[in-house]
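Here is how the chains run, residue by residue.
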Amino acid sequence: MDHLLMVLLLLWSSGLQAEGAQCETSAKADIVLVVDGSWSINPESFQDVRSFITNVVSAFDIGPDRVQIALVQYSDHPRTHWYLNTHQSKEALLENISRIPLLGGNTYTGHALYYTLQNIFQPNVGMRADSENIVVLITDGQSTDKVDSPTQELKDAGIEVFTVGFNTASETDLRSIASDPDQNHVYIVEDSQLLRDIVDNFTINLCDSIKSSESIRLVGGSSPCAGALEVKRGEWRPVFGSNWTLTSADVMCRELDCGSAASTGRRNESCNRAAWQISPDCVESGSALRECLSSGSSSSIIKITCSDSVRLVNGTSLCSGGLEVKSNQSNQSNQWWSLVCEAGFDQQDAEVVCRGLGCGAPSVLWGALYGEVEAPMLTEEFQCEGNESALLDCRSSGSARNTCSPGKAVGLTCSEPVRLVGGSSRCAGALEVKQGDWRPVYDSNWTLTSAAVVCRELHCGSVVSTGLRNDSTLRSTWEIRPDCVQSGSALRECITPMWSSFFLEVTCSGPTVSYIGLVRLVLLSLALLLFITALCVTHQTTRGQKQGPQEPMELDDYKLGVHRAEEEGGEAAE
């Protein structure tokens with residue numbers, strides 16, 4: 001009963017009760033409170049700290065599938081009062097907060113932070129792989145030891161850090177320890193009694209960090225769907241990695257609801273900076289993004305351009321599939337993907353779509369080619385001129401459709417942006433692939449088997465030869481992965497940017513009639529045959545009809561002509 005009374009007194013003294021900030025979220029978070037217990041904090045100030053902690057804990061839904069909170073108090077040495085999985089209810093936490101004694105000693109903040117990383121953020125004491133990891137440091141003075149190294153290790157481990165300081169706490173230390181931006185992560189008051197004034201704002205920012213579903217973003221581009229890739233794992237950092245391809249980038253575009261990947265590359269900066277190194281294989285396997293990252297530094301940052309408002313689904317590559325358009329562009333928070341009815345879609349519209357996807361010209365435009373897709377049929381009829389950069393730049397009819405006959409949704413295949421240049425024909429020369437821009441292609445393990453894929457893609461028959469040509473000067477090229485090409489992936493999905501003075505040349509046997517061209521030829525022949533048949537039927541029908549008044553005249557004229565000819569012939573004989 002004494003402990004329950006103490007809890008009630010803490011709640012009353014803090015002024016939280018029903019008026020305080022509350023965090024309503026189903027998100028998971030593992031929070032560790034790292035509390036200064038040095039001699040510079042008197043018992044009254046420590047009571048203010050306990051009240052502040054009570055306020056913070058009271059705002060959250062505590063439990064094994066919600067928020068877990070551990071507490072470490074430190075002075076000369078850190079001491080764990082409880083682990084993340086020790087108390088699985090709010091009542092148990094609040095009761096134990098009231099029992100925290102003041103340790104006394106010096107202020108070894110750096111040692112406490114390192115101890116927290118090594119001993120509290122561990123699976124065997126409750127840390128969960130799918131939770132946000134957060135440290136809240138509460139201190140009243142300057143650290144006796146260095147804080148830079150343990151702070152960096154915390155951040156490299158993907159742990160977000162908030163700092164709360166009062167009395168003589170070092171503002172420099174607090175800002176260097178906390179995650180960016182400072183306005184959300186650093187709180188400084190003159191006296192411990194003023195902690196009550198910041199508790200609501202602190203709790204709201206802490207809650208927002210837990211609730212935020214945003215873990216990736218593209219920055220510095222022309223829209224939220226283009227720019228340098230940044231990932232939040234504790235703090236926001238740019239991303240770098242080798243063997244990064246369009247397929248990996250497409251995972252990011254889908255995560256951002258930005259359509260499909262149109263291009264990806266690297267942005268080179270003047271100096272190295274802290275960044276997350278990403279594993280493309282891990283990303284493409286479907287693993288959680290945070291499991292695919294490790295801490296590092298780089299000056300070469302991944303950049304991505306997504307198609308934003310259009311995408312092709314259920315196809316064999318990023319350039320084929322059923323066409324979907326993002327609707328309700330005026331309301332960013334309430335958008336959905338819609339199918340396009342083929343009755344309102346033509347060749348010029350297809351050209352704009354393919355261009356916006358970073359693909360080549362449209363080669364197939366067939367309804368229901370890629371099956372029925374579960375999406376609403378609600379889109380305007382587009383009226384593109386063919387030179388627009390995006391489908392939504394086209395004029396539209398202004399009237400929305402909400403019905404479309406089964407099997408009448410647009411299915412589209414765009415050609416792959418591949419070409420051979422500088423040869424005797426379009427079927428011979430240096431191999432170039434377009435992903436954002438046209439570049440030559442290089443690989444040291446390129447074989448005739450891989451080159452055969454290029455010839456088939458260009459409808460140029462079989463491969464005759466392939467090899468490398470030395471251009472003598474370094475230039476921007478694409479490095480291509482032959483195993484990716486031979487697996488059936490599109491060529492532009494198998495390339496990464498690099499610099500090289502070598503590039504591939506391919507010679508194919510010559511142009512062939514493509515399957516699509518053959519189909520078009522057959523359809524044209526059938527149409528011509530039907531037209532001729534219709535003319536014949538019409539002519540026969542016309543001749544079989546009853547003749548009008550002029551018919552006897554035509555017949556008499558004919559007979560007269562015959563009779564006259566016979567008379568003229570007789571006269572000539574005489």
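Before going into details, it helps to say that this report is about the structure given with it.

Reading guide: rules and limits
- Residues numbered from 1 in each chain as written.
- Predicted model: local features only at pLDDT ≥ 70, side-chain atom pairs only at ≥ 80, totals over all residues.
- Heavy atoms only, no water.
- Axes fitted to C-alpha atoms, helices over the stretch in contact; angles between N-to-C directions.
- Helix = DSSP H or I, 4+ residues; strand = E, 2+ residues; numbered from the N terminus.
- Parallel < 35°, antiparallel > 145°, perpendicular 65-115°, else oblique.
- Contact = heavy atoms within 4.5 Å.
- Left-handed = near helix turned anticlockwise from the far one by under 90°.
- Nonpolar A, V, L, I, M, F, W, Y, C, P; charged D, E, K, R; others polar.
- Buried < 20%, exposed > 50% of the residue type's maximum accessible area, 1.4 Å probe, protein only.
- Pairing = 2+ DSSP bridges.
- Right-handed = clockwise from strand over helix to strand, strands pointing away.
- Salt bridge = Lys/Arg side-chain N within 4 Å of Asp/Glu carboxyl O.
- Polar contact = N/O pair within 3.5 Å; in protein donor to acceptor, adjacent residues only side chain to side chain.
- Disulfide = S-S within 2.5 Å.

Attention now goes to the packing of helix α2 (residues 43-58) against helix α3 (residues 90-97). Running from N to C, α2 and α3 cross one another at 175°; their axes reach a closest spacing of 10 Å. As summarised for this structure, α2 and α3 are arranged roughly antiparallel, according to the angle between their axes. Listed contacts from α3 to Arg50, Ile53, Thr54, Val57 and Ser58 of α2 are Lys90, Leu93, Leu94 and Ile97.

Next up on the list: the packing of α2 against helix α8 (residues 195-211). Remark: α2 packs on α8, axes separated minimally by 10 Å, with the N-to-C direction vectors making an angle of 30°. For the pair α2 and α8, the sense of crossing is right-handed. The segment α2 lies against α8, with Asp48, Val49, Phe52, Asn55 and Val56 engaging Leu195, Ile198, Val199, Phe202, Thr203 and Leu206. Grouping the amino acids of the contact of α2 with α8 by side-chain chemistry returns eight nonpolar, two polar and one charged.

Looking along a regular strand, one sees the side chains alternate between the two faces of the sheet. Burial runs high along strand β5 (residues 160-165): six of the six residues are buried. Because side chains alternate across β5, one face comprises the buried residues Glu160, Phe162 and Val164, and the other comprises Val161, Thr163 and Gly165, equally buried. In this sheet, β5 lies alongside strand β4 (residues 132-139) in parallel orientation, the contact comprising six bridges. Across the sheet, residue Leu137 finds its bridge partner in β5, namely Thr163. Traced from β4 through helix α5 (residues 148-156) to β5, the parallel crossover comes out right-handed. With three bridges connecting them, β5 and strand β6 (residues 186-188) associate as parallel partners. Pairing of Gly165 across the sheet is with Ile188, part of β6.

Turning next to the pattern of salt bridges. As enumerated under the stated definition, the model contains 21 salt bridges in all. Where Asp30 meets Arg128, a salt bridge forms, and the shortest distance between an N and an O atom there is 2.7 Å. Taken together, the positions of Asp30 in strand β1 (residues 29-36) and Arg128 in the loop between α4 (109-119) and β4 put the pair 98 residues apart, joining distant regions of the chain. Each member of the pair, Asp30 as well as Arg128, is classed as buried. Across the pair Asp156 and Arg237 runs a salt bridge whose closest N-O atoms are separated by 2.8 Å. Here Asp156 is found in helix α5, whereas its partner Arg237 is found in strand β9 (residues 235-240), with 81 residues between them in sequence.

Within the element layout of this structure, Thr109 appears in helix α4. A relative accessible area of 3% places Thr109 in the buried class. Reaching out from Thr109, the side chain makes a polar contact with the side chain of Tyr74 at a distance of 2.9 Å. Setting aside residues up to four positions removed in sequence, Thr109 forms contacts with Tyr74, Leu137, Ser143, Asp145, Val147 and Ile177.

Enumeration over the complete set of coordinates arrives at ten disulfides. Each disulfide pairs two cysteine sulfurs, and for Cys427 the partner residue is Cys460, the sulfurs being separated by 1.9 Å. Since a negative S-S torsion denotes a left-handed disulfide, the Cys427-Cys460 link at about -70° is left-handed. With Cys427 in the loop between β19 (418-422) and β20 (428-435) and Cys460 in the loop between α12 (448-457) and β22 (463-480), this residue pair connects regions lying 33 residues apart in the sequence. Here the two residues Cys427 and Cys460 agree in accessibility, since each one is buried. Across the disulfide from Cys455 sits Cys508; the S-S distance is 2.0 Å. The disulfide joining Cys455 to Cys508 has a torsion of about -85° about its S-S bond and is therefore left-handed. Of this pair, Cys455 sits in helix α12 while Cys508 sits in strand β23 (residues 495-508), and the two are 53 residues apart along the sequence. Of the residues examined, Cys455 reaches a relative accessible area of 0% and is grouped as buried.

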